[in-house]
Amino acid sequence: MFIKKGMTVRVINGNHKGMEGKILRVFPKKERVIIEGINFIKKAIRPSQENPTGGMVEKEATLHISNIMAIHGNVPTRIGFKIMKDGTKVRISRKTNEEIDR
């Protein structure tokens, strides 16, 4: 996966196009992510001890990984990999060829 938890991303497709947020959770097998403050759904909750009245709750839903793009230096960019001389593999920004993190 090119995307990791905690990265800032921009939605490039769909109803939330242009919105930015931080990744809260990644599901690699399903190729989906949950982004903070984007793609809210309403879910019915049964009454419980924590929530005695029950009711409707809004929470973030998943987005497919193809609909988001990583932000590096306030610019959306694709992510690639580069093998360093010491043999380590690092992620790089395709737009600026800068190292994203180690």
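Residues numbered from 1 in each chain as written. Predicted model: local features only at pLDDT ≥ 70, side-chain atom pairs only at ≥ 80, totals over all residues. Heavy atoms only, no water.

Caption draft 1: Summary view of the side chain of Ser93. With respect to the helices, strands and loops of the structure, Ser93 is situated in strand β10 (residues 89-93). Of note is the side chain of Ser93, whose polar atom sits 3.0 Å from the side chain of Thr77. Ignoring any residue separated from it by four or fewer positions in sequence, one finds Ser93 in contact with His72, Thr77, Arg78, Glu98 and Ile100. (Helix = DSSP H or I, 4+ residues; strand = E, 2+ residues; numbered from the N terminus. Polar contact = N/O pair within 3.5 Å; in protein donor to acceptor, adjacent residues only side chain to side chain. Contact = heavy atoms within 4.5 Å.)

Caption draft 2: Representation of the side chain of Thr77 within the structure. Here Thr77 shows up in strand β8 (residues 75-77). Excluding anything up to four places from it in sequence, Thr77 contacts Met69, Ala70, His72, Ser93, Arg94 and Lys95.

Caption draft 3: Structural context of the packing of aromatic side chains. Counted under the stated rule, the structure contains one aromatic pair. Over the ring of Phe81 we find Lys89; its NZ or CZ atom is 4.6 Å from the centre of that ring. (Phe/Tyr/Trp six-rings, centres within 6.5 Å; stacked < 30°, edge-to-face > 60°. Lys NZ or Arg CZ within 6 Å of the ring centre and 35° of its normal.)

Caption draft 4: How the structure looks around the pairing of strand β3 (residues 32-35). When strand β2 (residues 20-27) meets β3, the two strands line up antiparallel, connected through four bridges. Among the inter-strand pairings, Phe27 is bridged to a residue of β3, identified as Arg32. From the end of β2 to the start of β3, which pair antiparallel, there are four residues, and Glu31 there has a positive phi angle of about 60°. In this sheet, strand β6 (residues 62-64) lies alongside β3 in antiparallel orientation, the contact comprising three bridges. In the sheet register, Ile34 faces β6, and the bridge partner there is Thr62. (Pairing = 2+ DSSP bridges.)

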